[in-house]
Amino acid sequence: MNQKKRRANVFPLAQLGAAFCGGILLSETRLSFGLVLAGALLGTLVCTLLLILDRIRAAAVSLLLAFVFCGGTLGLLETRAIEPDRVKRLFQDHVITPGEPVEVTGVLQRNVEISWDALHVTINVERISAAGCERPATGVVALTAPISTDTHRLERLHLRHGARIRLMTILERADKFRNPGVSPFTEYLDRKGYDASASIKSLHLIERLDDDVVFLPLAWIYDWRNQLQEQIDARLSRDTAGVLDAALLGNRYNLSTSVEERFRTGGTFHVLVISGLHITLLGGVVYIVIRRFTKNRSVQFMVSTAIVWGYSIGVGAEPSILRAALMFTVIMFAPLMARRASPLNALGAVAIALVLWKPSSLFDPSFQLTFVSVLAILVVAWPILHTLSAIGSWQPSRASPYPPECASWIRRFAETLYWNEAAAVQRLRSASYEYRWFKNGTAETLQKIHGQRLVRFVFAALLVSISVQITLLPFLIIYFHRFSLASFVLNIFVGVAMAGVAVAALVGVLVSQVSPMLSEPFFLGANSLNWLMVHSVDPFTSAQVASIRVPEHSGPLFSLYVLYYVPLATLSFVLMRWRPLEPATRAKRSRWLFWVSLCAQLVGIAVLILHPYSHHHAHGKLRVDFLDVGQGDAALITLPDNTTVLVDGGGRPGPFNQNDDDESVRARSVGETVVSEYLWWRGLDRIDYLVATHADADHMDGLNDVAANFRVRAAFVARFPERDQELDKLMKSLTTNAVPLRMIGAGDELRIGNISLQVLWPKPSVDARAASGNNDSVVIRAEYGNRSILLTGDIEARTERMLVAEHQRMSADVIKVAHHGSRTSSTEEFVRSTGSRLAVVSVGEPSVFGHPHHEVVKRWQENGAQILRTGNRGMITVVTDGQSMHYTTFVNP
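Chains are numbered independently. Their residues run from 1 in the order of the written sequence. The predicted origin of the model limits local features to residues at a pLDDT of at least 70 and limits the giving and counting of side-chain atom pairs to 80 or more, whereas totals for whole chains, interfaces and linings rest on all residues. To get the side-chain values, take all heavy atoms of the structure and skip hydrogens and water.

**Concerning the overall build of the protein chain**
Then, in step 1: Segments assigned H or I by DSSP are reported as helices when at least four residues long, segments assigned E as strands when at least two residues long, and all are numbered from the N terminus. What the protein chain contains, in helices and strands, is 31 helices and 25 strands.
Then, in step 2: The globule rule puts the C-alpha radius of gyration for 893 residues at 29 Å, and the 31 Å found for the protein chain is close to it.
Then, in step 3: Along the three orthogonal principal directions, the C-alpha set of the protein chain runs to about 110 × 70 × 65 Å.
Then, in step 4: Taken over 893 residues, the protein chain has a buried fraction of 51%.
Then, in step 5: Contacts between residues were defined by any pair of non-hydrogen atoms, one from each residue, lying within 4.5 Å. When contacts within the protein chain are restricted to residue pairs at least 6 apart in sequence, those whose partners lie at least 24 apart make up 72%.
Then, in step 6: All accessibility values rest on the Shrake-Rupley procedure with a 1.4 Å probe; residue burial counts only the protein chains present in the view. Surface summary for the protein chain: the accessible area is close to 42,500 Å², and the carbon and sulfur share equals 61%. Radius of gyration: C-alpha atoms only; globule rule: 2.2 Å multiplied by the number of residues to the exponent 0.38. Buried, partly exposed and exposed residues are distinguished by accessible area as a fraction of the type maximum, computed with a 1.4 Å probe on protein chains only: under 20%, between the cut-offs, and over 50%, respectively.

So this is what it looks like as structure tokens:
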């Protein structure tokens, strides 16, 4: 009985951590705060009474329930506790108006993050002046400013931790690109702990005031970090410096787009994110060094944890870093209390500590990925490695007198990895009895050539990589829509190479302080090894086996991701109870459960990757989704037979790039982060046809990503203008992804069943290389039964007059207003001829061009049309069965 009690509570902190996190999830159901608080109090009271009555098991259950309700209470408190002077609250109360300039006074939270052409500042706000009224304020603002032409100004400002500044800027908090499946901008801000983001065009808009009181050791850490980055950036190639800035210092702003994409494609981007591996390696090295100087465990603990925490704070203290630092601290602290450290208990304690500090961090992808990764190692990979080690190194003993009870191939494989002939002979000499063993001779051969440790390391790395990938699969699909095949191999090489690059670079920096000439070989080695590491994914990419993009299951089918973990949890349970050196009591039952769970797990993996049920069917209706892509156009037409046609793909080039400093979004286009994300949310991995209405980037740019991320049957354009940068880029993307490109013009028609997609404009040109401007936009009329929808690209007044003159059937129930509602389009004659009852304007909110213009809106309304703008309604969906027609908007007014 005591043994059963002991086993039931092997990992108490892990159980409490899971219960506490479950309570925070419960708070998302928006239960009554009073009900949740009452549950927490009642659970605590019942637990106390049961402990007094010595009902230990019942008390443990009550304690778990109390933790569930405590987590729910804390989650609800966080959503309610927004101070009235917080910047995000000022947005809610309309004290700060989006798009209006404000004056912000605050203190730098840490030293600036410097990239090649910009600086990134995190400001603790003290005062806000908006609409001529100045008031105290709190919160955090993320600021981006260019430095390419203001380097002297930057030196004079001396921006560092604790500096108080004042600046005039426009704060941004409004959601952008509001479409299903696309993460809201406010969600990103809250996840990062920002109340708003901002940007300025010049450092001259920043006024340096005075310095706030700071904690000097923290300031020294920030200064040391900046100095090290300066050395790295000055002495290494741009790509190598960007990789090391990210992997060693937590500054991912210097990563080039090509390098970043290669790491993502190879499934090795995690090596650029400071996490458990970095912290464990640093702490382990420091601990080994300190142990050589002192045997005092308290000193060892204090020195190693102080260095680990100093580094963790200096590089940003993100959830993955805090988790690793806390786990290291807990595991190092256990021996001081004469206790054996349990990694699962440590993980539970760390989870409780982090969500106590910030309950909403449970919903942070970084938090989820880092905890699930560690959990996969502890409950899947580690039990297998531990058991194989016991099998491979088995010798008869009083505790385990009989050979391991397992398949012969498992025993031979384990012996290859772990059998040590010399150690076994030594143990036999000290024994009071004699015996002979018959082991796999491969182990002795590997030992002779000193290869056993290498083989063991490779196997362990592969097993950890596979375990983590399988456990994270639902998260990888939901957050990244990517399953990397190359990562199983590349994780080992990239991990070792990254360590080599870091060591060579750091040694080079140290040597350069004495002799710059002697440091050059180290920097050359770091640059060369970094090139090999970055380009290691290229052979896999060329063979098209690097990674695949996978759509997600949404709606009720989201439950598949929950069901996926049922066989995985069962497999983990069986593996943790697998003890081949102990007498077999339930061997047959465990073997049967293992194989059933394994088969179920393989089916689950196949269902998620092949996604046979993900596609949202059209159910015999014509559907057009006008996506919110900001200042641009993108419309997905879904025919009744589920054929898909994407007309334009949005994009905001040049000065209209997203003002987003998220390292996972920065420098990634609207086609990737908006259009593709929506298509994946729809469960699609294939788009039948792409149509680029004309060669403006706000229409064409996003199609490049769609061509790369999805299987496409064909793409259509009306013109091939020479030396057009956007069209050349699209043609390169289509060629790379083997997508045929075809020309279309007025008179062409796609007919599927009783659906007709007619091309009304432009007229076929004798010169295929003619210009592709606004008035050359492809105009498409979709007709189904008695209903029709007209897509007009960016045509202007001249083309509108020609269309009215040449086409008898210009009427349409729904029209995509030409050129985003510009005054150069939507002439009175054209508006009357269409007779549309619904006019959709694809435009940003607010529009940098003032679209749609007031007179255009008035013209459509006077002719009986209802105006809907994607900028304030988000995605607008029109559905018809050929007779009736209705629309929905993603954002309700």
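**Overview of the sheet that holds strand β19 (residues 779-784)**
Then, in step 1: Read across the open sheet, the seven strands follow the order β17-β18-β19-β20-β21-β22-β23; overall the sheet is mixed. Edge positions in the open sheet fall to β17 (749-752) and β23 (866-869), since each of these has one partner strand only. Adjacent strand axes in the sheet meet at a mean angle of 15° when their direction is disregarded.
Then, in step 2: When DSSP finds two or more bridges between a pair of strands, those strands are recorded as paired. As paired elements, strand β18 (residues 755-761) and β19 share six bridges and run antiparallel to each other. Opposite I755, over in β19, you have Y784 as the bridge partner. Angles here are taken between N-to-C directions and fall from 0 to 180 degrees, while the axes themselves are lines fitted to C-alpha atoms, restricted in helices to the stretch in contact.

**Focus on the pairing of β23**
Then, in step 1: By the bridge criterion, four bridges tie strand β22 (residues 838-841) to β23 in an arrangement that is parallel. Within β23, the position partnered with L838 by the bridge is Q866.
Then, in step 2: A right-handed crossover is one whose linking path, passing over the helix from the first strand to the second, runs clockwise when the strands point away from the viewer. Read as a crossover between parallel neighbours, the route from β22 over helix α30 (residues 854-862) to β23 is right-handed.

**Let's talk about the packing of helix α8 (residues 216-235) against helix α9 (residues 238-249)**
Then, in step 1: Orientation of α8 relative to α9, taken along the N-to-C sense of each, is 155°, at an axis distance of 9 Å. By the criterion of interaxial angle, the relationship of α8 to α9 is roughly antiparallel. At the point where α8 passes α9, the crossing takes the right-handed sense. Residue-level contacts link R225, L228, Q229, I232 and D233 of α8 to A241, L244, D245 and L249 of α9.
Then, in step 2: In this classification, Asp, Glu, Lys and Arg are treated as charged, Ala, Val, Leu, Ile, Met, Phe, Trp, Tyr, Cys and Pro as nonpolar, and every other residue, Gly included, as polar. The class makeup of the residues in the contact of α8 with α9 is five nonpolar, one polar and three charged. Orientation labels follow simple angle bins: below 35 degrees gives roughly parallel, above 145 gives roughly antiparallel, 65 to 115 gives roughly perpendicular, and whatever is left gives oblique. Two helices that cross are described as forming a left-handed crossing if the nearer one is turned anticlockwise from the farther one by less than a right angle, and a right-handed crossing if clockwise.

**With respect to the packing of aromatic side chains**
Then, in step 1: Within 6.5 Å between ring centres, the rings of Phe, Tyr and Trp (the latter by its six-membered ring) count as paired, and their orientation is classed by plane angle as stacked under 30 degrees, edge-to-face over 60, tilted in between. For the structure on display, the rule yields 15 aromatic pairs.
Then, in step 2: When the ring of F475 is compared with that of Y565, the centres are 6.5 Å apart and the planes differ by 55°; the resulting orientation is tilted. Placement of the pair is F475 in helix α19 (residues 452-480) and Y565 in helix α23 (residues 559-576), with a sequence separation of 90 residues.
Then, in step 3: For Y565, a relative accessible area of 23% translates into the label partly exposed.
Then, in step 4: Relative to F480, the ring of Y479 lies with its centre 6.5 Å away and its plane at 65°, an arrangement referred to as edge-to-face.
Then, in step 5: Through a chain of ring-to-ring contacts, three or more aromatic side chains come together here, namely F475, Y479, F480, Y564 and Y565.
Then, in step 6: Looking at K176, its charged tip hangs above the ring of F185, at a distance of 5.1 Å from the centre. Geometrically, a lysine NZ or arginine CZ counts as sitting over a ring once it is within 6 Å of the ring centre and also within 35 degrees of the ring normal.

**As for the packing of helix α16 (residues 408-418) against α19**
Then, in step 1: Where α16 contacts α19, the axes come no closer than 8 Å and their chain directions differ by 120°. The angle between α16 and α19 places the two elements in the oblique class. Packed against α16, whose contacting residues are F413, E415, T416, L417 and Y418, the element α19 presents Q452, V455, R456 and F459 at the interface.
Then, in step 2: Its residues assigned to classes, the contact of α16 with α19 comprises five nonpolar, two polar and two charged.

**Considerations on the pattern of salt bridges**
Then, in step 1: Salt bridge criterion: a side-chain nitrogen from Lys or Arg within 4 Å of a carboxyl oxygen from Asp or Glu. Counted by the stated rule, this structure contains 36 salt bridges.
Then, in step 2: Between E126 and R164 there is a salt bridge, and its shortest N-O distance comes to 2.8 Å. You can see E126 sitting in strand β3 (residues 118-130) and its partner R164 sitting in strand β6 (residues 163-170), a full 38 residues away along the chain.
Then, in step 3: The exposure class assigned to E126 is partly exposed, which follows from its relative accessible area of 29%.
Then, in step 4: Its salt-bridge partner being E172, residue K176 comes within 3.0 Å of it at the nearest N-O pair.
Then, in step 5: You can call E172 partly exposed: its relative accessible area is 23%.
Then, in step 6: The network of salt bridges with common partners includes E126, R164, D210 and D212.

**Concerning unusual backbone geometry**
Then, in step 1: Cis geometry is adopted by the peptide bond preceding P762, which originates at W761 and carries an omega value of 0°.
Then, in step 2: With respect to the helices and strands, P762 occurs in the loop between β18 and β19.
Then, in step 3: Phi is positive for H820, close to 60°, though the residue is something other than glycine.
Then, in step 4: Looking at the secondary structure, you find H820 in the loop between β21 (814-816) and α29 (828-834).

**Looking at the state of the cysteines**
Then, in step 1: Here, two cysteine sulfur atoms that lie within 2.5 Å of each other are counted as a disulfide. Within this structure, the stated rule accounts for zero disulfides.
Then, in step 2: Looking at C47, it has no disulfide partner, and the nearest cysteine sulfur is the one in C70, 11 Å off.
Then, in step 3: Here C47 falls in the buried class, since its relative accessible area comes to 8%.

**Comments concerning a nonpolar patch on the surface**
Then, in step 1: The patch calculation keeps residues exceeding 30% relative accessible area without a salt bridge and links them within 9 Å when they carry like charges or within 5 Å when they are nonpolar (Val, Leu, Ile, Met, Phe, Trp, Tyr). Taken together, L42, L45, V46, L49 and I52 make up a surface patch of nonpolar side chains, about 480 Å² in accessible area.
Then, in step 2: By the element assignment, L45 lies in helix α3 (residues 33-52).

**Considering helix α14 (residues 343-357)**
Then, in step 1: Take the residue count of a helix, subtract one, and multiply by 1.5 Å to get its expected span. Spanning 15 residues, α14 covers 21 Å between terminal C-alpha atoms, matching the ideal 21 Å at 1.5 Å per step.
Then, in step 2: Where α14 is concerned, the buried positions are L344, N345, A346, L347, G348, V350, A351, I352, L354 and V355.
Then, in step 3: Looking at the packing, one finds that the buried side of α14 touches α2 (12-27), α4 (56-80), α13 (319-333), α15 (365-392) and α23.

**Side note on helix α10 (residues 257-265)**
Then, in step 1: Looking only at α10, the buried set comprises V259, E260, F263, R264 and T265.
Then, in step 2: Among the structural elements, α9, β9 (482-484), α20 (487-512), α21 (516-534), α22 (538-542) and β10 (547-549) are those in contact with the buried residues of α10.
Then, in step 3: Count one or two residues on from α10 and you reach G267, which has phi positive near 70°.

**A short note on the environment of L272**
Then, in step 1: Mapped onto the elements, L272 comes out in the loop between α10 and α11 (276-293).
Then, in step 2: For the pair L272 and F890, spaced 618 residues apart in the sequence, the C-alpha separation amounts to 36 Å.
Then, in step 3: Those residues within four positions of L272 in sequence are excluded, and the remaining contacts are V243, A246, A247, R252, L255, F263 and M498.

**Some points on the sheet that holds strand β12 (residues 635-638)**
Then, in step 1: Strand order across the open sheet formed by eight strands is β16-β15-β14-β13-β12-β11-β24-β25, with mixed pairing between neighbours. Strand pairing shows two members of the sheet lacking a second neighbour, β16 (741-743) and β25 (885-889), which therefore form its edges. Ignoring strand direction, the axes of neighbouring strands in this sheet form an average angle of 20°.

**Observations regarding the confidence of the model for the protein chain**
Then, in step 1: Confidence of the predictor in every single residue is expressed as pLDDT, which spans 0 to 100. Residues with a pLDDT of 70 or more make up 94% of the protein chain, whose mean pLDDT is 88.
Then, in step 2: Note that pLDDT drops below 50 for residues 1-8; the model gives that stretch three contacts with residues more than four away or on any other chain.
Then, in step 3: Below pLDDT 50 for its whole length, residues 653-667 participates in 44 contacts with residues either more than four positions away or in separate chains.

**Re the side chain of R482**
Then, in step 1: For R482, the position within the fold is in strand β9.
Then, in step 2: A polar contact of 3.3 Å, which involves the side chain of R482, links it to the side chain of E261.
Then, in step 3: In this view, R482 contacts E261, R264, T265, L476, S547, I548, R549 and V550; residues no more than four positions away in its chain are not counted. N or O atoms closer than or at 3.5 Å make up a polar contact, with two conditions inside protein: a donor-capable atom paired with an acceptor-capable one, and, for residues adjacent in sequence, both atoms drawn from side chains.

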